[in-house]
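# Structural characterization, general
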Amino acid sequence: MPDCFEILHKDLAGRIGKLSTAHGIVETPALMPVVNPHLQLISPPELRDLGATMLITNSYIIRQDEALRVQALEKGLHNLLDFQGPIMTDSGAFQLSVYGNIDVLPLEILAFQFAIQSDICVPLDIPTPPDVTRERAASELKETERRLEEALKNKGASLLAGPIQGSTYPDLREAAAHFLRDKGFDVYPVGGVVPLMETYRFSDLVDIVAAAKKGLGSGAPVHLFGAGHPMVFALAAAMGCDLFDSAAYALYAREGRYLTSRGTWRLEEMRYLPCSCPVCQDHDQEELMNSPERVKLLAKHNLYISLQEINLVKQCIREGSLWELLETRCRSHPRMLDGFRKLGEKSQWLEGLDTTSKSTLFYLSSESASRPEVVRYSSRIERLTLSGDILITDDTKTSADGFDTVLHFKPPFGPYPAELAETYPFNAEVPAKADLSSMERALLNTKRLIDANPSARFSLRIKGLTPGGEYDQIL
Ligand code: GUN
Ligand code: ZN
């Protein structure tokens, strides 16, 4: 695994890490604002003052502009942009995917990125769009892989990215990631996903990113190309994405759109500004609408809110409450909920990565029934060996008289040894009335436990769990 990356804290597949570059160390997850060398709505020094720790720009645009190219080669990328922190450069691959062809050879644009001392260089991959034929996805992937191997042989002093393509074929994504793993790349962008995010296909996004992560293993830093809306940061980070790039802060501002972590508003349709960043403190909606600086101010707000969300994601990883954040964020849009549920289906995978102990688990919706902690307990409950008379009860004050063992019952876990009541995850805060998913999972676990201990005699005392009771339909 790349030695430029160190993982400090983990939650789900997400992590707080340290990425070391020639221009310093950045803590991840990190958001790289996109700098367009031609139209700098917010200058790089201003971006730094707003809290950006790392930038991304496009080496193809610089190289195509005679004046910029000469300056970049003479004084280096960092002096050109007046930013001394880490800067990643893209290769023009995205222009390739939008315009069909570009005017530079793969090795030329790679050599140019090394020459201008970019901190992370991206070879010219082929961003295959979603839903193309499998033949096309596979053959473009082959060409991307050829270029990546060629790039490795021509590696300079900077870090080198190995983009993972494969369209909407998870098996191709996993194979692509597996092919690149251990080859010597430093950062792994998941590419070709902008069209998915633009059309809110978060369920497909989860399939693709999870497949890439599985092929790659958990130790390498991953960049999600084109993920710039704060609404997706928590979900993407939970899957183990470490770097995001935002052109959205500026693009949305130009269209008069105000970003929030729950979605986007059109500024003209707003009445209040539900944010306390300096822009929203200094202006009300009308002032912002009518300001000659409107686009720039809106871009600043958009960036503030995006960087704030990154910090929230980091705090939640640190605390072990990223799932709880997802519960909230993924209720901003039904397609986000689809993505979250898709992630819930991958709990087995998350369970293998997740740290085992963290802050008290909060059961917030039926999605919590597929949390990795719950899945983990389900897979281990059969290890409890019991004999004699066993009472399973949800009344924690009940007397043990006449029983050899008392197990407490708490959905979604089901039965667990009473002496573990104060330990994670059984100390979970759960609603007074369990929903059906939670009770179903708890009963499934109960059945497993009973089946695994055929010689023990079980008695169940659980509210609502009687014929005609609240949970009659799942009995
Ligand atoms: N920007 C957005 N998507 C992509 C991608 O797939 N590859 C590269 N190189 N840049 C991108
Ligand atoms: Zn604001």
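The structure contained in this document is the topic of the report that follows. Every value quoted in this text rests on a predicted model; they were computed, and no experiment measured them. (Residues numbered from 1 in each chain as written. Chains lettered and ligands numbered in written order. Predicted model: local features only at pLDDT ≥ 70, side-chain atom pairs only at ≥ 80, totals over all residues. Heavy atoms only, no water.)

Let us now look at the overall build of the protein chain. Of regular secondary structure, the protein chain possesses 20 helices and 17 strands. Its C-alpha atoms put the protein chain at 90 × 55 × 40 Å along the principal axes. Within the protein chain, the proportion of its 475 residues that are buried is 56%. Counting contacts in the protein chain only where the partners sit at least 6 residues apart, residues at least 24 apart contribute 67% of the total. (Helix = DSSP H or I, 4+ residues; strand = E, 2+ residues; numbered from the N terminus. Buried < 20%, exposed > 50% of the residue type's maximum accessible area, 1.4 Å probe, protein only. Contact = heavy atoms within 4.5 Å.)

Further remarks concern the layout of surface pockets. Its volume calculated, the largest pocket comes out at about 1200 Å³. As for the largest pocket, its lining consists of 45 residues, of which Phe94, Asp245, Ala247, Ala248 and Leu251 are closest to the centre. Put simply, the parts of the chain that give the lining of the largest pocket at least two residues each are strand S4 (30–35), strand S5 (55–58), helix H5 (93–99), helix H9 (194–198) and helix H12 (248–254). With six residues, the single largest contributor to the lining of the largest pocket is H12. Of the residues that constitute the lining of the largest pocket, the class distribution is 26 nonpolar, twelve polar and seven charged. (1 Å grid on protein atoms, 1.4 Å probe; cavity = no way out; pocket = protein on both sides within 12 Å on 5 of 7 lines; lining within 4 Å. Points joined across faces, edges and corners; volume = space filled by probe spheres on them. Nonpolar A, V, L, I, M, F, W, Y, C, P; charged D, E, K, R; others polar.)

Ligand 1 sits among Asp90, Ser91, Ala93, Phe94, Val122, Asp125, Pro127, Gln165, Gly191, Gly192, Val194 and Phe225. One of the side-chain nitrogen or oxygen atoms of Asp125 is found 2.7 Å away from a nitrogen atom of ligand 1. Note that an oxygen atom of ligand 1 is positioned 2.8 Å from one of the backbone N or O atoms of Gly192. When the free accessible area of ligand 1 is taken as 280 Å², the share hidden by the protein chains comes to 95%. Placement of ligand 1 is best described as lying within the largest pocket. Tallied by class, residues from the shell around ligand 1 come to six nonpolar, four polar and two charged. (Near = heavy atom within 4 Å. Polar contact = N/O pair within 3.5 Å; in protein donor to acceptor, adjacent residues only side chain to side chain. Areas by Shrake-Rupley, 256 points an atom, 1.4 Å probe, with all protein chains shown as cover. Sits in = over half its atoms within 2 Å of the grid points.)

A word on the packing of helix H10 (residues 202–216) against helix H17 (residues 334–345). Contact pair H10 / H17: the axes reach a minimum separation of 7 Å and the direction vectors enclose 30°. Considering their axes alone, H10 and H17 lie roughly parallel with respect to each other. Considering the relative orientation of H10 and H17, their crossing is right-handed. When H10 is examined against H17, the residues Phe202, Ser203, Val206 and Asp207 are found in contact with a partner set consisting of Arg335, Met336, Asp338, Gly339, Lys342 and Leu343. (Axes fitted to C-alpha atoms, helices over the stretch in contact; angles between N-to-C directions. Parallel < 35°, antiparallel > 145°, perpendicular 65-115°, else oblique. Left-handed = near helix turned anticlockwise from the far one by under 90°.)

In this section: the coordination of the zinc ion (ligand 2). Here the zinc ion (ligand 2) is held by the protein donor atoms Cys275 (SG), Cys277 (SG), Cys280 (SG) and His301 (ND1), which lie 2.1 to 2.3 Å from it. Taken together, the four donor atoms coordinating the zinc ion (ligand 2) span angles of 100 to 118° at the metal, a pattern that classifies the geometry as tetrahedral. Each donor residue of the zinc ion (ligand 2) lies on the same chain, and together they follow the pattern C-x1-C-x2-C-x20-H. Judged by its relative accessible area of 8%, Cys280 falls in the buried class. (Donors = N, O, S within 2.8 Å, 3.2 Å for Na, K, Ca; no water. Tetrahedral: all angles 85-135°; square planar, octahedral: opposite > 155°, others 65-115°.)

By the definition in use, this model includes eight aromatic pairs. Each ring, one from Tyr377 and one from Phe413, has its centre 6.1 Å from the other, and the planes form 75°; the classification is edge-to-face. Here Tyr377 is found in helix H19 (residues 372–380), whereas its partner Phe413 is found in the loop between strand S15 (405–410) and strand S16 (414–417), with 36 residues between them in sequence. In this structure Phe413 comes out as buried when scored by relative accessible area, which is 0%. Consider the rings of Tyr416 and Phe426, whose centres lie 4.6 Å apart with planes at 10°: the pair is stacked. Within this pair, whereas Tyr416 is found in strand S16, its partner Phe426 is found in the loop between S16 and helix H20 (436–452), the two being separated by ten residues in sequence. Residue classification places Tyr416 among the buried residues on the basis of a relative accessible area of 3%. The exposure class of Phe426 is buried, given its relative accessible area of 6%. (Phe/Tyr/Trp six-rings, centres within 6.5 Å; stacked < 30°, edge-to-face > 60°.)

Assignment of secondary structure puts Glu327 in helix H16 (residues 322–329). When its relative accessible area of 3% is taken as the criterion, Glu327 is described as buried. Discounting chain neighbours no more than four positions away, the residues touching Glu327 are Phe340, Leu364, Ser365, Glu367 and Ser368.

The strand order S1-S2-S3 describes an open sheet built from three strands, whose pairing is antiparallel. Of all the strands in the sheet, the pair left with one neighbour each is strand S1 (5–11) and strand S3 (24–28). Put simply, the sheet's adjacent strands are angled 15° from each other on average, direction ignored. Bridge count between S1 and strand S2 (residues 14–21): six bridges; the pairing is antiparallel. Of the residues in S2, the one forming a bridge with Glu6 is Lys18. (Pairing = 2+ DSSP bridges.)

For the rest of this paragraph, the subject is the side chain of Arg15. Its location among the elements puts Arg15 in strand S2. By relative accessible area, Arg15 is classed as buried at 3%. Within the local environment of Arg15, its side chain forms a polar contact with the backbone oxygen of Ser218, the two atoms lying 2.5 Å apart. At 2.7 Å, the side chain of Arg15 forms a polar contact with the backbone oxygen of Ala220.

Before going further, it helps to examine a nonpolar patch on the surface. On the surface, Phe94, Val98 and Tyr99 cluster together to form a nonpolar patch covering roughly 350 Å² of accessible area. With respect to the helices and strands, the residue Tyr99 is situated in helix H5. (Patch = residues over 30% accessible without salt bridge, like charges linked within 9 Å, V, L, I, M, F, W, Y side chains within 5 Å. Salt bridge = Lys/Arg side-chain N within 4 Å of Asp/Glu carboxyl O.)

Shape descriptors only; they carry no functional weight alone.
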